[in-house]
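Residue-level structure breakdown
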Amino acid sequence: MSAGIPTTKRFKSSLAIAWALVVCLLLAHNAYLWLGKRITPDTDILALLPVQERDAVLQQSFAHMVDTAQQRVIILLGAPDWEQAKRAADAYQAVLATRRDLLVSTTINDQTQSDWLSTFQKNSLGLLTAQQELQLRTETPQFWTDIALAKIYGAFSGPKLGAFQDDPFSLFSGWIQERAQETPVRPRDGHLFVADAERQYVLLPLTLKPPAFSLSAQEAALPLLNRAADAARQAVPSVQIISAGVILHAAAAGQQAASEMSTIGVGSLIGIILLMWLSFRSLKPIALILLSIGVGFLGALSMCWILFGGIHLLTLVFGASLIGVAQDYGIYFLCNRLSADSQQSSPQLLKRLMPGLCLTLLAAVIGYLGLGMTPFPGLRHMAAFSALGLVFAWLTVVCWFPQLISASSLKSGRLVAVYSAALLHWPRLGFNRRSMATITVFIVFAVFGCSRLGVNDDIRLLQTPPKQLVSDQIKLGKLLDAPTPVQYFLVRGKSAEIVLQREEALKRKLDPLVIRHIISGYQALSNWIPSAQLQKAHQQLIYEKLLADGGPLSMLASKVEEDTSWSAGIRTHLKQLTSNMTVDDFLKTPAGEPWRHLWLGQIGNEHASIVALRGLAYGADNFTALQQAGHGLEGVQWVDKVNEISSVLGRYRSYMGWVIMAAYLVVFALLSPRYRGNAWRVLAPTMFASIATLSLLGLAGQNLQLFHVLALMLLLGVGVDYGIFMQEHPDRRNATPWLAVGLSAANTILSFGLLGLSHTPALQAFGLTMLIGTGLVWLIVPCFTSSESKHAQTS
């Protein structure tokens, strides 16, 4: 027996040394990551979105739209006078010119416009608007002859693009004018111009060189844009600057997350230090608790970097709340050390506490792993970070605390005595009239509250950008008549030609919606490059209606007193303007650059494109009309990513509800071998607190969302800890578990209470649920303790 004790001590010492080596490795790895700037927290909010695996083309279309948009920054500088707007724009661009490696602006000049037109003039004979096609089929030859005569002799016959022989009947000019209607932006004096009733604006489309979600790019680009804005205001004090871009939203989200991470983390630490001081009147317990939390953070960060190759900034925000949970194990050990027999060594105390400590860790990890069962990469990172952080904190307590804490090193403060005495006056539920009445009232309250609980799975709750950014985005959308990147039509086919043909069929269905003002227009690649089938049909129609012998061209020659060789020369020249440009050829030209985001190209065995919608009037009826427009068209699919992802959130909210119920059964099975008939007493406080939390949310008019449910999953892990603490020592004369529950719950409430102050509604919902739920578990857990001793339960 005596020989076994030194062996045990040597083993414990070896374990402590081994863990010290592990911690040294963690410190070295974190220094390698942070000092070498190899780890940069990701600020992309889309990392929290579900991964769509069932449809690769659909997923790629959304990624394509997002990737195209995220490198763009749009600036509008407006003034009542055009000269003032130009002066402000020149001052703005002068500042941007100092960092061409960061932001590049698009230049417009006469050569640019000439190159743009020449792209289409080579193929002009196959380009017709729908109205022109109708006129060719219905109007008389004299109608077209008059148009050509007006172009020759009229002073105001419209824009003349090229020589007369290139476009004698103004078909190409009319087509160009219709294409120009796809955007209100016009070239003017070397700038891009757009206006509303009050101001004239210079449009500056900027391209961001580094990734928009890079923190270093945000730190460099935002000060540069601010300096440029200051220069524009100095040049023209009355200038109005409208800015939009993914990098602006990403930077705002990053700043908000960093601020909240600091507030939550520092607030939790201050709360822990204050409570530990009031409880133990010593800095040593405070230092040990902070040590376990610190090791937990280091371990979680290193392991997440190894597993995922990076970490999301919101993971760190969520991880800051880990402080409120990771300290449970250390507090439980310290409270038991405080009340334990002075003759009992700390290693012996740990051996006695190990079953309860193991169960608390297991229950908490099960709670966090509930997050990992969602389809959201960001939430999986949070789950891994939190679960690993708890494991590392738990191992720190087990390996080091027995070696660092002796019976004489702890003294209780006055707070401990006052708080512990309250347990003797706490009610205990039993089979009596008062308990039955309490349960009846609770059931009525729960049914009434839950019946008032609505649901809201809107994906837009994941982020709330600053009002100024939202306001600028709305103004810019109205001025530019820009399409939305999250509602569009996806068109597929076995070849590029089939895709263009299907786009054209879709556009015929969309034209009535433009007339009904459901949309103001649409952007499609087939607007610029019609299908070869349609181009051939257009050319044939022009040959028959305009170029045939005796037709409008021959009549025109007679009117202008030219012989047949003149009309034959024009006919021959026009027939050469049929190059039948392909999609790939078009996209390589300057004219194709603004529309490249609409073409997905070949994906697997099929080609795909996007038809974007301009001026979409939001409303359920309008979305139904758009869905019906694509109905029955082969290869055409209506995509509404906001609604789709929101419905996924709703499905997973329901799914996670079932997961929680299954988790209760799993935890009950884990507890039953130790607590037998009293295992339900460990789970009941958390279950009742969860139901009461939902009822209170309903009474407060809150709408249930996925993050409320995820919080209830975590509440299971936290609340079971308190049930285990109390059931391990059911005798109320021993207030040790009640003290551990109080300290742990107070710190958890502080952590998640601060998370409830987040400006991100999803995190706020999570924190508020944990705040209410943890407080309720704390209050009711003593009511469910049994009157039997632990020995009686386990014998």
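Everything numeric in this text was worked out from a predicted model, so none of it was measured.

The rules behind each value
Residues numbered from 1 in each chain as written. Predicted model: local features only at pLDDT ≥ 70, side-chain atom pairs only at ≥ 80, totals over all residues. Heavy atoms only, no water. Helix = DSSP H or I, 4+ residues; strand = E, 2+ residues; numbered from the N terminus. Contact = heavy atoms within 4.5 Å. Areas by Shrake-Rupley, 256 points an atom, 1.4 Å probe, with all protein chains shown as cover. Core = buried A, V, L, I, M, F, W, Y, C linked by side-chain atoms within 4.5 Å. Buried < 20%, exposed > 50% of the residue type's maximum accessible area, 1.4 Å probe, protein only. Phe/Tyr/Trp six-rings, centres within 6.5 Å; stacked < 30°, edge-to-face > 60°. Lys NZ or Arg CZ within 6 Å of the ring centre and 35° of its normal. Axes fitted to C-alpha atoms, helices over the stretch in contact; angles between N-to-C directions. Parallel < 35°, antiparallel > 145°, perpendicular 65-115°, else oblique. Nonpolar A, V, L, I, M, F, W, Y, C, P; charged D, E, K, R; others polar. Polar contact = N/O pair within 3.5 Å; in protein donor to acceptor, adjacent residues only side chain to side chain. Pairing = 2+ DSSP bridges. pLDDT = per-residue confidence, 0-100. Expected span 1.5 Å × (residues − 1). Salt bridge = Lys/Arg side-chain N within 4 Å of Asp/Glu carboxyl O. Patch = residues over 30% accessible without salt bridge, like charges linked within 9 Å, V, L, I, M, F, W, Y side chains within 5 Å.

**Notes on the overall build of the chain**
Looking only at helices and strands, one finds 29 helices and 13 strands in the chain. For the chain, long-range pairs separated by at least 24 residues make up 82% of all intrachain contacts whose partners lie at least 6 apart in sequence. Of the roughly 35100 Å² of accessible surface on the chain, 61% is carried by carbon and sulfur atoms.

**Here's the deal with the nonpolar core**
The biggest cluster of nonpolar side chains holds 95 residues, and the ones touching the most others in it are Leu671 and Val720. Here this core takes 16 residues from helix α26 (residues 706-728), the largest share from any one element. Setting aside chain neighbours within four positions, we find Val720 in contact with Ala363, Val667, Leu671, Val682, Leu683, Thr686 and Leu715. Listed in part, the 50 residues of the second largest apolar core include Phe489, Ile518, Ile529 and Val636.

**Structural notes on the environment of Lys411**
If you trace the backbone, Lys411 turns up in the loop between α14 (377-404) and α15 (414-422). C-alpha of Lys411 to C-alpha of Ser282: the two residues are 129 residues apart in sequence and 7.6 Å apart in space. Residue contacts for Lys411: discarding those within four places in its chain leaves Ser279, Phe280, Arg281 and Leu338.

**Things to note about the packing of aromatic side chains**
Summed over all chains, the structure comprises 21 aromatic pairs. On the basis of an interplanar angle of 90° and a centroid distance of 5.2 Å, the ring pair of Trp82 and Phe193 is categorised as edge-to-face. Here Trp82, found in helix α3 (residues 82-96), pairs with Phe193, found in strand β4 (residues 191-195); they are 111 residues apart in sequence, far enough to count as distant. The class of Trp82 is buried, set by a relative accessible area of 4%. A relative accessible area of 17% places Phe193 in the buried class. One aromatic cluster in this structure is built from Phe120, Phe172, Trp175, Trp528, Phe586 and Trp595. The residue whose ring lies beneath Arg179 is Trp528, and the NZ or CZ to ring-centre distance is 5.9 Å.

**What to know about the packing of helix α24 (residues 641-675) against helix α25 (residues 679-699)**
Orientation of α24 relative to α25, taken along the N-to-C sense of each, is 150°, at an axis distance of 8 Å. The angle between α24 and α25 falls in the class roughly antiparallel. Contacts from Tyr664, Val667, Phe668, Leu671, Ser672 and Tyr675 of α24 reach α25 at Ala679, Trp680, Val682, Leu683, Thr686, Met687 and Ser690. Considering only residue class, the contact of α24 with α25 consists of 10 nonpolar, 3 polar and no charged.

**Details of the packing of α24 against α26**
Contact geometry of α24 with α26 gives a least axis separation of 8 Å together with a crossing angle of 10°. Here α24 lies roughly parallel to α26, going by the angle between them. Class assignment of the residues belonging to the contact of α24 with α26 gives a composition of 18 nonpolar, 2 polar and 3 charged.

**Observations concerning the environment of Gln473**
Examined against the element boundaries, Gln473 turns out to sit in helix α17 (residues 467-480). When the C-alpha positions of Gln473 and Ile74 are compared, they lie 9.7 Å apart, and in sequence the two are 399 residues distant. Those residues in contact with Gln473 that sit more than four places away from it in its chain are Ala244 and His249.

**A short note on the side chain of His597**
Mapped onto the secondary structure, His597 falls in the loop between α22 (583-587) and β10 (599-603). A polar side-chain atom of His597 sits 3.2 Å from the main-chain carbonyl oxygen of Pro594. Setting aside its immediate chain neighbours within four residues, His597 contacts His64, Met65, Thr68, Arg72, Gln523 and Ile610.

**Some remarks on the pairing of β10**
For β10, a buried count of 4 out of 5 residues is recorded, marking the element as mostly surrounded by other parts of the structure. Where β10 meets strand β11 (residues 606-614), 4 bridges bridge the pair, whose relative direction is antiparallel. The residue of β11 that forms the bridge with Gly601 is Ala608. Hairpin geometry of β10 and β11 is characterised by an intervening segment of 2 residues between the two adjacent antiparallel strands and by a positive phi of about 70° at Gly604.

**Quick word on unusual backbone geometry**
The phi dihedral of Asp481 falls on the positive side, at around 50°, and the residue is not glycine. Relative to the assigned elements, Asp481 resides in the loop between α17 and β8 (483-493). The phi angle at His517 is positive, at roughly 65°, despite the residue not being glycine. Mapping His517 onto the fold places it in the loop between α18 (496-515) and β9 (521-523). For His517, a relative accessible area of 64% puts it in the exposed group.

**A few points about the confidence of the model for the chain**
Looking at the chain as a whole, its pLDDT mean stands at 84, while 90% of the residues score no less than 70. Confidence drops under a pLDDT of 50 for residues 789-795, and excluding neighbours within four residues, the segment shows 15 contacts in the predicted structure.

**Points about helix α8 (residues 215-235)**
Taking 1.5 Å as the rise per residue, α8 with 21 residues should run 30 Å; its terminal C-alpha atoms sit 31 Å apart, in good agreement. What α8 keeps buried is the set Leu215, Ala217, Gln218, Ala221, Leu222, Leu224, Leu225, Ala228, Ala229, Ala231 and Ala232.

**Some remarks on the pattern of salt bridges**
Enumeration over the complete set of coordinates arrives at 14 salt bridges. The closest approach of N and O atoms between Glu178 and Arg179, which form a salt bridge, is 3.2 Å. On the basis of relative accessible area, Arg179 is assigned to the buried category, the value being 8%. We note a salt bridge from Arg502 to Glu634, for which the minimum N-O separation is 3.3 Å. With Arg502 in helix α18 and Glu634 in the loop between α23 (620-630) and β12 (636-640), this residue pair connects regions lying 132 residues apart in the sequence.

**Points about the pairing of β4**
The buried fraction of β4 is high, at 4 of 5 residues. Two strands pair when backbone bridges link them, and strand β3 (residues 186-188) and β4 are joined in this way by 3 bridges, in the antiparallel orientation. Residue pairing for β4: Arg188 is matched across the bridge by His191. Two strands pair when backbone bridges link them, and β4 and strand β5 (residues 200-208) are joined in this way by 4 bridges, in the antiparallel orientation. Across the sheet, the residue bridging to Ala195 is Gln200, located in β5. Between the antiparallel neighbours β4 and β5 lie 4 residues.

**Points about a nonpolar patch on the surface**
A cluster of nonpolar residues, Leu274, Trp277, Leu278, Leu283 and Leu415, forms a patch on the protein surface that exposes about 460 Å² of accessible area. Per-element accounting of the nonpolar patch gives the leading share, 3 residues, to helix α9 (residues 246-280). Relative to the helices and strands, Trp277 is located in helix α9.

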